[in-house]
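# What the coordinates show
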Amino acid sequence: MKPFAYARPADVAEAVRDVAAEPTAVFLGGGTNLVDHLKLGIVRPDLVVDVRTLTSRSIDDLQDGGLRVGAAVTNSELAADRRVRERYPVLAQALLAGATGQLRNLATTGGNPLQRTRCVYFQDASTACNKREPGTGCSAVGGYTRYHAVLGVPAALPDPTAPETCIATHPSDMAVALAALDAQVQVLGPAGARTVPFVDLHRLPGEDPSRDTVLEHGELITAIDLPPLPAGARSAYRKVRDRASYAFALVSVAAVASGNGDVRLALGGVAHKPWRATRAEGVLRGGPLTEDTVRAAMAAELAAAQPQPGVDSGNGFKIPLVTRTVVATLRDLEA
Amino acid sequence: MDAEVTLTVDGTAHRLTVDTRTTLLDALRERLGNTSPKKGCDHGQCGACTVLLDGKRALSCLALAVAHDGAEIITADGLAADGELHPVQQAFLDRDAFQCGYCTPGQICSAVGVLDEVRRGWPSHAGPDLTADPELSHDEVAERMSGNLCRCGAYVNIVPAVQQAGGGQA
Ligand SMILES: Cc1cc2nc3c(=O)[nH]c(=O)nc-3n(C[C@H](O)[C@H](O)[C@H](O)COP(=O)(O)OP(=O)(O)OC[C@H]3O[C@@H](n4cnc5c(N)ncnc54)[C@H](O)[C@@H]3O)c2cc1C
Ligand code: FES
Ligand code: FES
C-alpha cells in the first residue's frame, strides 16, 4: 500500500477544505470499501481525511414528516431504527440484504451509496479498465458479465477498446431503495452546500466512466433526507443473488406503492447507476396492477436493454429475471 | 507516515505508534501479539478477523488503526472472565462447533455480537417481519452468521452452538 497522511480535522468545513486542496485526497467513512481499495492499489491517495466522527450520527425527524439521516449513521443503526422499519421498510430491507452484520456495523450512510463497482476487472489492477484507468479499455466486454449492466449501455455491442466503454453495475442495495424513495442528498463542498436528488447522484458512464457520481472533488455527503410517503403507502425490496445470503445482487427491485395508483420502481444490478424505471412507472400510472400490466410495463422499460455476451452465456438472463422479480415484488405489496 | 494511537484491548490500554496504513487486525496481531483475530482474506470477505469494536462486531481487517484511536476492543482472547469461559465459548465446546479452529475466534466474537443484536431487537434479512422480536431459529442464525465462513464446514454445529448460547432450544 502506498503511504498516505491521515487527518481528522476539527469539523466538516475543514475536512472539505483539506480534500479540495489536495487532488488525490479522499474522504474516509467506515472504510469497508476504501481500505480494501487501498490494499488493492486501485485508490492511491496522498491524504485520507476521516469524516466518520465529524458528520452526524443521528436520525432526526424533519418538519415535513420525513427523516434526516446523518452521514455517519451506520447501515446497522439505520436498518434497526423503528421509524425506518415502520415507515420505510424498503430501506430497512435493502440494508439488511446487503453485506453482513460485521460490515454493516462499520458501513456508513455517506459511504454506502459511494461504494465503487464490484466488477472483477475494476478490482484487478492488472487488467484494462476505463473506470480505474481512463483510456485503457474495458475488459468486461465479452468477458465475465454475470454482474454487469444491460441498461444504459449502447444498443450495439460496446467496443472494448473505446475509452468510454464501461458495463459495470453499481453494487449498493441501499442506493436502489433511496432511488425509489426520492431521497435527497445534502452535500457540502468548497463552493458551499447544495441538495442533490438521489436519482441524479449517480451517472451513466457517458464520456467518462471513471466518474460514478455528479459529486465534484471535495464534495462531502453530510446527510440523506427521506421525504415522507403518503399515508397508506407500502414499500418493499427484493434481491436475487447466487447465494441465500452474503452476495451482491444479480438483480434487485425497490418498489413503493403510494396507495393512489402510483408505483415507484428502482432496479439494482442492471445498470451503472441505481435504475429508476420511469417508463414502467408511466405505463402503470393510475391503472390496475395485474401480472399482465406489470409485464407490459417492464417490456417497455427493457425495450432498449442490451444483454452482454460473455463467459457462461453472458447476462441475458437478467431481462426475464428482473421482469419476474418486479412482478413478484408488486404482487407481495398488493397482497 | 506514523501516528500515535491508544487502543484498549481486552481491558488493557496500549499506547503505540503505528504507520497510518496499519489495520486494526495488524495492530492487534503484529504489534500487540494478540493472535486470536485471524487473517483469512484481509479483504472483508471471510469474517476470521471479527472483533468487538466499541461493543459491536466488526471486521478488523478493513478498519484502520488510526481511525479507531481511543477504541475499546474485545477479542476472543479476552472474552473469558475470571477463568470462566464465555457462554458462547462454552457452547462451541459443548456442540463441537469447530474442526481446525481457524475461523473460531471470529465466529465466537461474531456470535457474541449477534446475541446482543438479537437482544436489542435488531431485525435481519431472515426475519418474517421487520418489527417482530427476532427468534433464534436456524434460518435466523444462519443469516446473521453468514459473514463468518468456515472452510472446514462446521456450520451444522455452529448454528446449534449459537442457539444454545442464546438460551434457546437446539
Ligand atoms: C465482502 C463484502 C460484501 C459486501 N456485500 C454488499 C452487498 O451485498 N450489498 C451492498 O450494498 N454492499 C455490500 N458491500 C459493500 C458495503 O456496503 C460498502 O463497503 C459500505 O457500505 C461502504 O460504506 P463505508 O462507510 O465503509 O465507506 P468507505 O469505504 O469509507 O467509503 C466508500 C467511498 O465513499 C467515500 N465517502 C465515504 N464517506 C463519504 C461522505 N460522507 N461524503 C463523500 N464521500 C464519502 C470514500 O471516499 C470512498 O470513495 C460489501 C462489502 C464487502 C467487503
Ligand atoms: S480477514 Fe477480515 S474478513 Fe477475512
Ligand atoms: S473450523 Fe476450520 S475453518 Fe472453521
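All values derive from a computational prediction rather than experimental measurement.

What counts and what doesn't
- Position numbers for residues count from 1 along each chain, tracking the sequence in the order it is written.
- Chains and ligands are labelled by the order in which they are written, letters from A for the one and numbers from 1 for the other.
- Local features are withheld for residues below a pLDDT of 70 in this predicted model, meaning they are given only at 70 or higher, and side-chain atom pairs are given and counted only at 80 or more; totals for whole chains, interfaces and linings count all residues.
- Working from all heavy atoms in the structure, the side-chain values ignore hydrogens and water.
- Between Lys or Arg on one side and Asp or Glu on the other, a salt bridge is scored when a side-chain nitrogen of the former is within 4 Å of a carboxyl oxygen of the latter.
- Here a helix means four or more residues in a row that DSSP labels H or I, a strand means two or more in a row labelled E, and each is numbered from the N terminus.
- Here's how the labels work: a residue is buried when its accessible area is under 20% of the maximum for its type, exposed when over 50%, partly exposed in between, all with a 1.4 Å probe on protein chains only.
- The contact criterion used throughout is that any non-hydrogen atoms of two residues lie within 4.5 Å.
- Buried area is a sum: the accessible area each of two parts loses on coming together, probed at 1.4 Å, counted once for each and added.
- Contacts described as polar in this section are N or O atom pairs within 3.5 Å, which, within protein, must combine one atom able to donate a hydrogen with one able to accept it, while residues neighboring in sequence count only if both atoms come from side chains.
- Residues are grouped as follows: Ala, Val, Leu, Ile, Met, Phe, Trp, Tyr, Cys and Pro are nonpolar; Asp, Glu, Lys and Arg are charged; all remaining types, including Gly, are polar.
- Whether a residue is near a molecule or strand depends on its heavy atoms: it is near if one of them lies within 4 Å of it.
- Each domain's limits were defined by an automated method or a database of domain assignments.

### Things to note about the pattern of salt bridges
Residue and element names in this part refer to chain A. All told, the structure shown has 27 salt bridges over all chains when counted by the stated rule. Measuring nitrogen to oxygen at the nearest pair gives 2.7 Å for the salt bridge that ties Asp242 to Arg146. Residue Asp242 is found in the loop between strand S9 (234-240) and strand S10 (251-257), and its partner Arg146 is found in the loop between helix H6 (101-104) and helix H7 (173-180); the two are separated by 96 residues along the sequence. We classify Arg146 as partly exposed; its relative accessible area is 24%.

### Some words on the interface of chain B and chain A
Across the contact, 37 residues belong to chain B and 39 residues belong to chain A. For the chain B and chain A pair, buried surface summed over both sides reaches about 3200 Å², with 59% attributable to carbon and sulfur atoms. When the area that chain B buries against chain A is broken down by residue, the three leading residues are Arg21, Leu62 and Leu130 of chain B, summing to 22%. Joining chain B to chain A, the criterion identifies one salt bridge. The partner of Asp42 of chain B in a salt bridge is Lys39 of chain A, and the shortest N-O contact between them spans 2.8 Å. Summed over the shared surface of chain B and chain A, the number is 22 residue pairs in polar contact (both at pLDDT 80 or more). The element that contributes the greatest number of residues to the side of chain B that touches chain A is strand S4 (residues 56-59) of chain B, accounting for four residues. Class assignment for the residues of the side of chain B that touches chain A results in 14 nonpolar, 16 polar and seven charged.

### Some words on the site of ligand 1
The local shell around ligand 1 holds 32 residues, among which Phe27, Thr32, Leu34, Thr108 and Asp173 of chain A are the closest. Among the chains of the assembly, those with residues near ligand 1 are chains A and B. One of the backbone N or O atoms of Asn33 of chain A is found 2.8 Å from an oxygen atom in ligand 1. Contacts to ligand 1 include Asn112 of chain A, whose side-chain N or O atom sits 3.4 Å from an oxygen atom. Of all elements in the fold, only strand S2 (26-28) and strand S8 (220-226) of chain A reach the threshold of two or more residues within the shell around ligand 1. Among the residues making up the shell around ligand 1, the classes are represented as 13 nonpolar, 15 polar and four charged. For the shell around ligand 1, the domains that each give at least three residues are domain 1 (5-50) and domain 2 (234-334) of chain A.

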